[in-house]
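Chain by chain, the residues:
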Amino acid sequence: MYKQLEIRWVDLDPTKGAETRKKRPCIIVQDSIVNQGSKTIVIAPLLPGHKHWPFAVNLVPTKRNGIDKERHINLKQLRAVDVSRISNKQGVLESRYWDEISNALKIVLGLS
């Protein structure tokens, strides 16, 4: 079963236009309960470097999250993917990031 805040490798190809491409680590954003038996999972890609965008959450590598270098979650690139695109677990993102993720999602989705 896939759990919220897991970092998994996801094959994002094929893509169109400005969508994030290739196989890369992604954070599972969708709630763990919703993931049970679901054939699609909502993810957001982890991209290299730090960004100062209101829809980005900057991450630092730790043993727990398994990230290899400084990265950011681009929550403007949310995507529902079929579970067949999801592969190896890289790690689990620390819960201390959840408030930042939640705030970025509110900005992206226009929620107050």
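Q: I tried to follow unusual backbone geometry on my own but got confused; where do I start?
A: Trans is the common state for peptide bonds, and a negative phi is the common state for residues other than glycine. For the bond running from Asp13 to Pro14, omega is 5°, close enough to zero to count as cis. Note on placement: Pro14 falls in the loop between strand 1 (6–11) and strand 2 (23–28). The residue Leu5 is not glycine, and still its phi comes out positive at about 80°. Along the chain, Leu5 turns up in the segment before strand 1.

Q: Teacher, can you tell me more about the pairing of strand 5 (residues 71–74) here?
A: Every second residue of strand 5 is oriented toward a common face, with Arg71 and Ile73 on one face and His72 and Asn74 on the other, all of them buried. The pairing of strand 3 (residues 40–48) with strand 5 spans three bridges and is classified as antiparallel. Across the sheet, residue Pro48 finds its bridge partner in strand 5, namely Arg71. Both strand 4 (residues 56–59) and strand 5 contribute to a ladder of four bridges, which runs antiparallel.

Q: I keep staring at the side chain of Asn74 and nothing clicks. Help me out?
A: One can find Asn74 in strand 5. Excluding its chain neighbours within four sequence positions, the residues that come into contact with Asn74 are Ala44, Pro45, Leu47, Trp53 and Phe55.

Q: Honestly, the pattern of salt bridges in this entry has me stumped. Any pointers?
A: Two side chains that carry opposite charge are able to pair once their charged atoms sit near each other. Tallying each qualifying case throughout the model produces three salt bridges. For Glu6, the salt bridge goes to Arg8, with nearest N and O atoms at 3.0 Å. Considered together, Glu6 and Arg8 belong to a single accessibility category, that of buried residues. Among the ionic pairs, Lys89 bridges to Glu6, the shortest N-O distance being 3.7 Å. With Lys89 in strand 7 (residues 86–92) and Glu6 in strand 1, this residue pair connects regions lying 83 residues apart in the sequence. Its relative accessible area of 46% is what places Lys89 among the partly exposed residues. Of the residues examined, Glu6 reaches a relative accessible area of 5% and is grouped as buried. The network of salt bridges with shared partners includes Glu6, Arg8 and Lys89.

Q: I'm lost on the confidence of the model for the chain in this one. Help?
A: Caution applies to low-pLDDT regions: their predicted coordinates should not be interpreted in detail. Chain-level pLDDT for the chain is 94 on average; 100% of the residues reach the 70-or-more range. The least confident element of the chain is helix 1 (residues 32–35), whose mean pLDDT is 94; the most confident is strand 4, at 98.

Q: Looking at this structure, how should I read the side chain of Arg24?
A: Examined against the element boundaries, Arg24 turns out to sit in strand 2. Buried charge Arg24 goes without a salt bridge, the closest partner of opposite sign being Asp13 at 8.2 Å. The contacts of Arg24, once residues within four sequence positions are left out, are Arg8, Trp9, Val10, Leu12, Pro45, Leu46, Leu47 and Pro48.

Definitions and limits used
- Residues numbered from 1 in each chain as written.
- Predicted model: local features only at pLDDT ≥ 70, side-chain atom pairs only at ≥ 80, totals over all residues.
- Heavy atoms only, no water.
- Helix = DSSP H or I, 4+ residues; strand = E, 2+ residues; numbered from the N terminus.
- Buried < 20%, exposed > 50% of the residue type's maximum accessible area, 1.4 Å probe, protein only.
- Pairing = 2+ DSSP bridges.
- Contact = heavy atoms within 4.5 Å.
- Salt bridge = Lys/Arg side-chain N within 4 Å of Asp/Glu carboxyl O.
- pLDDT = per-residue confidence, 0-100.
- Lys, Arg positive; Asp, Glu negative; His and termini not counted.

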